[in-house]
Amino acid sequence: MRPTVLCFSGLDPSGGAGLQADIEAIGQSGAHAAIACTALTVQNSQQVFGFEATSKELLLAQANAVVNDLPIKCVKSGMLGTTDNIAALAQFLREHSDYQYVLDPVLVANSGGSLGNQETLVKAFVELIPMATIITPNTVELRALAAEEDLEIATQKLFKMGAKAILVKGGHEDTPEYIRNALYVNGELIAESRCPRLEGEYHGSGCSLASYIAGRLAQGDELKQAVQHAETWLFGVLKNAETPVENGQKMPKRF
Ligand code: PLP
């Protein structure tokens, strides 16, 4: 059986982000995706209307049901929704410290809609940060997690909080021609990538990238190689994205 990534992520009915993005990206990376569903969201390509989070008991029951059933090599988390769910994931990771772990610190949807109480989620993420093989914040999430505007200082603050590796995604920065991502390991910049900035907004690009990285890690890639594979794959997927309605965010075409 293919190596498995167990994702803690939410359902997005539009299929652009959340657990569907995870399943498709991980499948494309060559690994198998398993899901512990953290929340049911109500949203489309234009906005988030609300969500209902899974209880921590049900979340852990889902994850524990597949632990001895599938060859899990990596955990990936996206929307967690509540501090209870963050604590439940931390407990799960403590019990399975042999798993690699990709932490995508989701706070708000790309469309701007709330996916949880940002203030309390930021505080709770502190417990997960030292457990992650890699954290994949965009610059909005990085500034919020570190409570710091300067990106270099914010990155170093996360390392002081116990981070091992951070991929800083530059999609929200004011660089009209390009997007720069920077990969730091143990406080040092070890790789950066620049790709042309594609026009428009994309739904689920962050989920897709983090999940593809997790899929490659599960299959034995080194961290830098996993990130590079994922960035190359994501660019193609976004280039082929489909526009659902005039004001809607584009849907990545993952296969
Ligand atoms: N997870 C869920 C369930 C979501 O609905 C969203 C955004 O809508 C995200 C994660 C984050 O999406 P993105 O990859 O666009 O940051």
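Residues numbered from 1 in each chain as written. Predicted model: local features only at pLDDT ≥ 70, side-chain atom pairs only at ≥ 80, totals over all residues. Heavy atoms only, no water.

Taking an unreviewed UniProt entry as the reference, the protein is identified by name as hydroxymethylpyrimidine kinase belonging to Acinetobacter gerneri DSM 14967 = CIP 107464 = MTCC 9824. Entered under Pathway (unreviewed entry) in the UniProt record, the comment concerning the protein runs "Cofactor biosynthesis; thiamine diphosphate biosynthesis." (UniProt positions renumbered as here; feature names shortened; annotations may be inferred.)

According to UniProt, the "domain: Pyridoxamine kinase/Phosphomethylpyrimidine kinase" (unreviewed entry) feature falls on residues 12-241. Counting secondary structure, residues 12-241 comes out at 42% helix and 23% strand; the distance between its end C-alpha atoms is 17 Å. (Helix = DSSP H or I, 4+ residues; strand = E, 2+ residues; numbered from the N terminus.)

Owing to its 3.6 residues per turn, the α-helix brings residues three or four apart onto one side. For helix H2 (residues 56-67), with 12 residues, the first-to-last C-alpha span of 17 Å sits near the 16 Å given by 1.5 Å per residue. Every buried residue of H2 is listed here: Leu59, Leu60, Ala63, Val66 and Val67. The buried residues of H2 occupy an angular sector of 135° when projected down its axis, which confines them to one face. With respect to the buried face of H2, the exposed residues turned more than 90 degrees away are Glu57 and Ala65. Those residues of H2 hidden inside the fold are in contact with strand E1 (4-11), strand E2 (32-43), strand E4 (72-77) and helix H3 (83-95). (Expected span 1.5 Å × (residues − 1). Buried < 20%, exposed > 50% of the residue type's maximum accessible area, 1.4 Å probe, protein only. Arc of directions from axis to C-beta. Contact = heavy atoms within 4.5 Å.)

The environment of the ligand is formed by 16 residues, the closest being Gln43, Asn110, Gly204, Gly206 and Cys207. The backbone of serine 205 places a nitrogen or oxygen atom 3.5 Å from an oxygen atom of the ligand. Between the ligand and cysteine 207 there is a distance of 2.8 Å, counted from an oxygen atom to a backbone nitrogen or oxygen. Relative to its free-state accessible area of 390 Å², the ligand is covered by the protein chains to the extent of 97%. Breaking the shell around the ligand down by element, the ones donating at least two residues are E2 and helix H7 (205-218). It is H7 that contributes the most residues to the shell around the ligand, three residues altogether. (Near = heavy atom within 4 Å. Polar contact = N/O pair within 3.5 Å; in protein donor to acceptor, adjacent residues only side chain to side chain. Areas by Shrake-Rupley, 256 points an atom, 1.4 Å probe, with all protein chains shown as cover.)

This part covers the pattern of salt bridges. Pairing is possible between side chains of opposite charge, provided their charged atoms come close. Here the structure, examined in full by the defined rule, presents nine salt bridges. The partner of glutamate 149 in a salt bridge is arginine 143, and the shortest N-O contact between them spans 3.5 Å. Look at glutamate 149 and you get exposed, because its relative accessible area is 60%. Among the salt bridges present, the one from glutamate 173 reaches arginine 143, with a minimum N-O distance of 3.1 Å. Of this pair, glutamate 173 sits in the loop between strand E7 (165-169) and strand E8 (178-185) while arginine 143 sits in helix H5 (residues 139-146), placing them 30 residues apart in sequence. What you see here is one network of salt bridges that share partners, running through Arg143, Glu149 and Glu173. (Salt bridge = Lys/Arg side-chain N within 4 Å of Asp/Glu carboxyl O.)

Our focus in this paragraph is helix H6 (residues 151-160). Every buried residue of H6 is listed here: Ala154, Thr155, Leu158 and Phe159. Summarising the axial view, the buried residues of H6 lie within an arc of 145°, below the 170-degree limit, and thus occupy one face. Those residues of H6 that are buried lie in contact with H5, E7 and E8. Between a side-chain oxygen at the N-terminus of H6 and the backbone nitrogen of glutamate 152 the separation is 3.1 Å; the capping residue is aspartate 150. At the exit of H6 stands glycine 162, carrying a positive phi of roughly 110°.

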